[in-house]
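Residues per chain are reported as follows:
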Amino acid sequence: MDATAKVTLFTVLMLFWSCAECNHPHPLDPLTPSELNLIRTIVQNSYPTSNLTFHYVGLDEPNKPEILSWLSSNPRTKPKASSPPPRRAFVIARLQKHSLEITVDLSTRSIVSTKVYEGHGYPMLTFGEQAVASQLPFSYEPFKESLRKRGLNMSQVLCASFTIGWFGEAKTKRSVKVKCYYNNGSANLYARPLEGVAAVVDLDDMKIVDYNDRYVIPVPKAEGTEYRASKLKPPFGPKLKGIAVTQHGGPGFTIDGHTVSWANWKFHVGFDIRAGPIISTASIYDLHKQKHRRVLYRGFISELFVPYQDPTEEWYYTTYFDSGEYGFGQSMSSLQPLTDCPPNAAFLNAYYAGSDGTPVNIANAFCIFERYAGDIMWRHTETAIPDEVITEVRSDVSLVVRIVSTVGNYDYVIDWEFKPSGSIKIGVGLTGILGIKAGTYTNMDEIKEDIYGTLLADNTIGVYHDHFFTYYLDLDIDGEANSFVKSNLETVRVKDDTTPRKSHWTVVSETAKTEADARINLGLKPSELLVVNPNKKTKQGNKIGYRLLPGPVAHPLLLIDDYPQIRAAFTNYNVWVTPYNKSEKWVGGSYVDRSRGDDTLAVWSLRDREIENKDMVLWYTMGFHHVPSQEDFPVMPTLSGGFELRPTNFFESNPVLKTKSPKPVHWPNCTSQH
């Protein structure tokens, strides 16, 4: 059986397991296609009009105590276990230029609440309305004239819609800007913009309400922009040799519905049209205590803020919120076996409601695989014992849950990696196509002004920009009641004469009492950030906990009163801590498109609520300042970052001390060379 056939069979088997019906489905399971169809029917029966559009349909998450009560009843093993909480859905729909918030009870097949949203901002854009808006210029005479003026073939022009933010306007409409690209000679359309041309579309009326053609700049040439393997020409390289990946005993993990069990870990994999992947109820088996212990109740990307740094008329508004405006979940791509994921991966589909409410399937939205990367779990070589050399090594294996979300030109690779040592590593990879501006320059010597980017090729400028990933992390370290501790590393001057040393450093810990105490900008002073359970200690008396090992540190460089930064005030600090509140999920607010920053994490946190020994949520922002380089063109090699949640006095000792390395697989007819 060849590798492709093995992958296909493995995927079919895992999908069969994941789709198997059970008497007690997990209450955090994402909405199924049949549930999405039922929601659509219920809502449309109550609003019998063709003008209603669905902008968000997601699980109305049950209250946390209900989930924990259900989990504690062991519904998978007890025949008389409690039934899961009622399944409900939360819907945001647009009707007659209003946003409706509708809660649907799936068990009673009825609407239990409806409210008209009266605040600032608008819901997430749908793919359907973006597609319609992007076609409007082609029947608009001024746009046709712009193409004729440039000598461009309309059949080779493609357009896309972009959110336009908020810049102090007293009144706003649901509007987008439509910009266009020339794909004659290359599939890399983002590399060939029609600079200076833009249409403003009112999405509610679906018509062009403004149009600009400010100047004519040459469209960057197609040569050197192609990235499809079938279109590239020799020479090729560098040449890479293949490697076989196999698990003769089958996968080391199981998938029961959406619950994954592997090694000493057990967790739930969910999906949301806005957030994308959601990891829930992660617990780890403690060999010493002989039981599973809670670590993470819920974790996901709450928002991804991407402000570009060109203040000119054509670019100033490009300050995107990829989750709240575009939907990180609905933008997820189908993963390609053997390339996006290794041969030993299992795949899961995801479903969301399209603008008409019908289910849309993202095939192979998730892949789950064991990573054998040749890494070392732990080792030591001892040579101090006479006549003896001791070498002990354990090879590392981890379990990865991966998705890729393609939001316009960028592809984001998101990994949740679980390690037997108790660590959870969250990885982020940035690849795809840069945001490109057309210019008149072909060499740096010609440039006498700020072009707000890097000259990558003739007439091609890669615009400076940022990526800020804000994660929602509801850590429940051995229970809900937790505290946030800052362990500062402080220099101490030695004051006595008993040592020749003049200084050393020590740890001075402080526990955050309220939200204000927990706002932190990383990199200003050395410290360790921990979430501890103050009610439980190790045998030695240390508070059990997990610590945050941060990734790339980037602080916003926009002025705090700049309109994009007002909307993205949640990035003003790298770390925030708030008391758990079911309604506080989206750091940029529930309605991000054209929002005004009045419903963000920064606003909620002004209440300065108590967080010590409480059920609390850690919000962590990891950022990248991106100065493009020529190596990023025409398609960008993956730029990687990440952070780690690492056990700190959670276990009594090294939890993988007694872990045995996986047995090597011996291939027939193979020789070793030394």
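This text follows the structure it describes.
(A) Structural context of the overall build of the chain. Within the chain, the regular secondary structure consists of seven helices and 32 strands. For a compact globule of 674 residues, the expected C-alpha radius of gyration is about 26 Å, and the chain comes in at 27 Å, within 12% of that figure. Here the chain holds 674 residues, and 52% of them are scored as buried. Sequence-distant contacts, at least 24 apart, represent 68% of the contacts inside the chain between residues at least 6 apart. About 31500 Å² of surface is accessible on the chain, with carbon and sulfur atoms providing 52% of the total.

(B) Molecular detail of the sheet that holds strand S5 (residues 157-163). Here we have four strands laid out as an open sheet, ordered S5-S6-S7-S8, and antiparallel in their pairing. Here the strands that pair on one side only, and so sit at the sheet edges, are S5 and strand S8 (207-213). If you compare each strand with its neighbour and ignore which way they point, the axes differ by 25 degrees on average. Along the sheet face, helix H5 (residues 141-150) touches S5, strand S6 (175-182), strand S7 (197-202) and S8 and points at about 30 degrees away from the line of S8.

(C) Summary view of helix H3 (residues 64-72). Along H3, the positions that sit buried rather than exposed are Lys64, Ile67, Leu68 and Trp70. All buried residues of H3 lie within an arc of 160 degrees about the axis, which places them on one face of the element. Structural note: H3 exposes Pro65 and Ser72 on the side pointing more than 90 degrees away from its buried face. Considering only its buried residues, H3 is in contact with strand S13 (291-307), strand S25 (465-475) and strand S31 (614-626).

(D) How the structure looks around the side chain of aspartate 474. With respect to the element layout, aspartate 474 can be found in strand S25. Here the side chain of aspartate 474 touches lysine 64 through a polar contact of 2.9 Å, side chain to side chain. When near neighbours in sequence (up to four residues on either side) are disregarded, aspartate 474 contacts Lys64, Leu296, Tyr297, Arg298, Tyr580, Asp615, Met616 and Val617.

(E) The arrangement of the packing of aromatic side chains in detail. Applying the stated criterion across every chain yields a total of 33 aromatic pairs. Arranged with centres 5.9 Å apart and planes meeting at 80 degrees, the rings of tyrosine 320 and tyrosine 326 form a pair that is edge-to-face. The two residues tyrosine 320 and tyrosine 326 agree in class, both being buried. A ring pair is formed by tyrosine 471 and phenylalanine 643, whose centres lie 5.0 Å apart and whose planes are at 75 degrees; its orientation type is edge-to-face.

Thresholds applied
- Residues numbered from 1 in each chain as written.
- Predicted model: local features only at pLDDT ≥ 70, side-chain atom pairs only at ≥ 80, totals over all residues.
- Heavy atoms only, no water.
- Helix = DSSP H or I, 4+ residues; strand = E, 2+ residues; numbered from the N terminus.
- Rg over C-alpha atoms; globule rule 2.2 N^0.38 Å.
- Buried < 20%, exposed > 50% of the residue type's maximum accessible area, 1.4 Å probe, protein only.
- Contact = heavy atoms within 4.5 Å.
- Areas by Shrake-Rupley, 256 points an atom, 1.4 Å probe, with all protein chains shown as cover.
- Pairing = 2+ DSSP bridges.
- Axes fitted to C-alpha atoms, helices over the stretch in contact; angles between N-to-C directions.
- Arc of directions from axis to C-beta.
- Polar contact = N/O pair within 3.5 Å; in protein donor to acceptor, adjacent residues only side chain to side chain.
- Phe/Tyr/Trp six-rings, centres within 6.5 Å; stacked < 30°, edge-to-face > 60°.

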